[in-house]
Amino acid sequence: MNVLKIIIAMTIWGSIGLFVRTSGLSPFEVAFFRAFIASICLIFIDKVFYKNKEVVNKKEVMLLLLCGVLMGLNWVLLFTAYQYTTISIASICYDFAPIFVVMLASIFLKEKITPKTIVCIGFSLVGLFMIASNTGTSTGNSQHIKGILFAMSGAILYSLVVVISLTIKNVSSIKISTYQMVASSIVLLPFVIQSNIFFNLKLNAIPIILILGIVHTCLAYILYFSGMKKTKANTVAILGYIEPITAVVLSFIVLHEPLTTMQIIGGVIVLGSTYVIIKK
């Protein structure tokens, strides 16, 4: 059940590029509204349905706020990557984060990297390279490289969020998500105020940011963090590969970005590796 929650969350996140592209907003604006709307939803759910009165100690609060800041900046980097390269390539590069998660978990969480994990990661990398090397882009080469660098930078911040979150054992997933979204909103607010978006927000962007905040953030993060609590970091890392596969398929269907035979084979390799690593 925990693995299923993570799979659903990753599938939802795989569609985020489509919504960001059609929003017409800047990366900072999309990231802020996503975090702000999610904060409101999470606080409401916590107070009305969970009625959770757990006490979060000072150390946990600081870690959660740090995660929130990193999360907000990570979104900005990913959404910026969408402006320079295709959704497929940005998503694939961003999902090199699982590699960083496994390495950081072995250092800070003392999780053992088994031979099976190493082999699966190796095959997953092969699959990702097969996908990336056959994804077309209409942007110039320098722009394309910028997109890759932005996505990879976001992946580094995301991996830090995952590893830090795994050290917080006694806080509910709803509290974890709430603290992180509030912190993200606060750190992104100055950039949004500067853009005057509150006075220039177009009506057609409102449904998009509501979906991003409620579905892609509130719902997905509750599923993700609740599933992650009883799942090893290595498994969480491998399941992360579901997100780029979803992004590639959706971008092909909706935006008509190219999807070659080599990409399909790469996707099968990635998903096959995911199945092997979670199989008991």
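I will try to describe carefully the structure that is included in this document. Everything numeric in this text was worked out from a predicted model, so none of it was measured.

### Thoughts on the packing of aromatic side chains
Describing an aromatic ring pair means giving the distance of the ring centres and the angle of the ring planes. Under the defined criterion, the tally for this structure stands at 9 aromatic pairs. Ring geometry for Phe32 against Phe36: centres 5.6 Å apart, planes inclined by 10°, an arrangement best described as stacked. Here the residue Phe32 and the residue Phe36 both occupy positions in helix α3 (residues 27–50), the gap between them amounting to 4 residues, near one helical turn. Classification of Phe32 by relative accessible area gives buried; the value is 4%. Site record: aromatic cluster; members linked through ring pairs are Trp13, Trp75, Tyr221 and Tyr224. Between the NZ or CZ atom of Arg34 and the centre of the ring of Trp75, over which it lies, the distance is 4.0 Å.

### So, the environment of Leu4
Along the polypeptide, Leu4 turns up in helix α1 (residues 2–13). Given the relative accessible area of 45%, Leu4 is considered partly exposed. Each C-alpha atom, one on Leu4 and one on Ser173, is 16 Å from the other, the two residues being 169 residues apart in sequence.

### Here's the deal with empty space enclosed by the protein
The tally for this structure, following the rule as stated, stands at 2 cavities of 30 Å³ or more. By volume, the largest cavity amounts to about 100 Å³. Around the largest cavity sit Trp13, Ile16, Arg34, Trp75, Leu78, Tyr94, Tyr158, Tyr221 and Glu243, which together line it. In the lining of the largest cavity, the residues fall into 7 nonpolar, no polar and 2 charged. Along its surface, the second largest cavity is lined by Met10, Pro98, Val101, Tyr158, Val162, Tyr224, Val236, Ala237 and Gly240. Looking at the lining of the second largest cavity, the elements with two or more residues in it are α6 (97–108), α8 (141–166) and α12 (233–239).

What counts and how
- The residue numbering used here restarts from 1 in each chain and proceeds along that chain's sequence as written.
- Only residues with pLDDT of 70 or above have their local features reported here, since the model is predicted, and side-chain atom pairs are shown and tallied only from 80 upward, although totals for entire chains, interfaces and linings are computed over all residues.
- Here the side-chain values reflect all heavy atoms present in the structure, with hydrogen atoms and water set aside.
- Here the aromatic set is Phe, Tyr and Trp, taking the six-membered ring for Trp, and pairing holds for ring centres within 6.5 Å; pairs whose planes are under 30 degrees apart are stacked, those over 60 apart are edge-to-face, and all others are tilted.
- Each helix corresponds to a stretch of at least 4 residues labelled H or I by DSSP, and each strand to a stretch of at least 2 residues labelled E; elements are numbered beginning at the N terminus.
- Partly exposed residues are those whose accessible area sits between 20% and 50% of the maximum for their type, while under 20% is buried and over 50% is exposed, using a 1.4 Å probe and protein chains only.
- The criterion for a charge sitting over a ring is simple: Lys NZ or Arg CZ within 6 Å of the ring centre, and within 35 degrees of the ring normal.
- For each structure, a 1 Å grid was placed over the protein atoms alone; sets of points admitting a 1.4 Å probe that cannot get out are labelled cavities, open sets with protein on both sides within 12 Å along at least five of seven lines are labelled pockets, and lining residues have an atom within 4 Å of a point.
- Grid points are joined across faces, edges and corners, and a volume is the space filled by probe spheres set on the points.
- Under the scheme applied, nonpolar residues are Ala, Val, Leu, Ile, Met, Phe, Trp, Tyr, Cys and Pro; charged residues are Asp, Glu, Lys and Arg; polar residues are all the others, including Gly.

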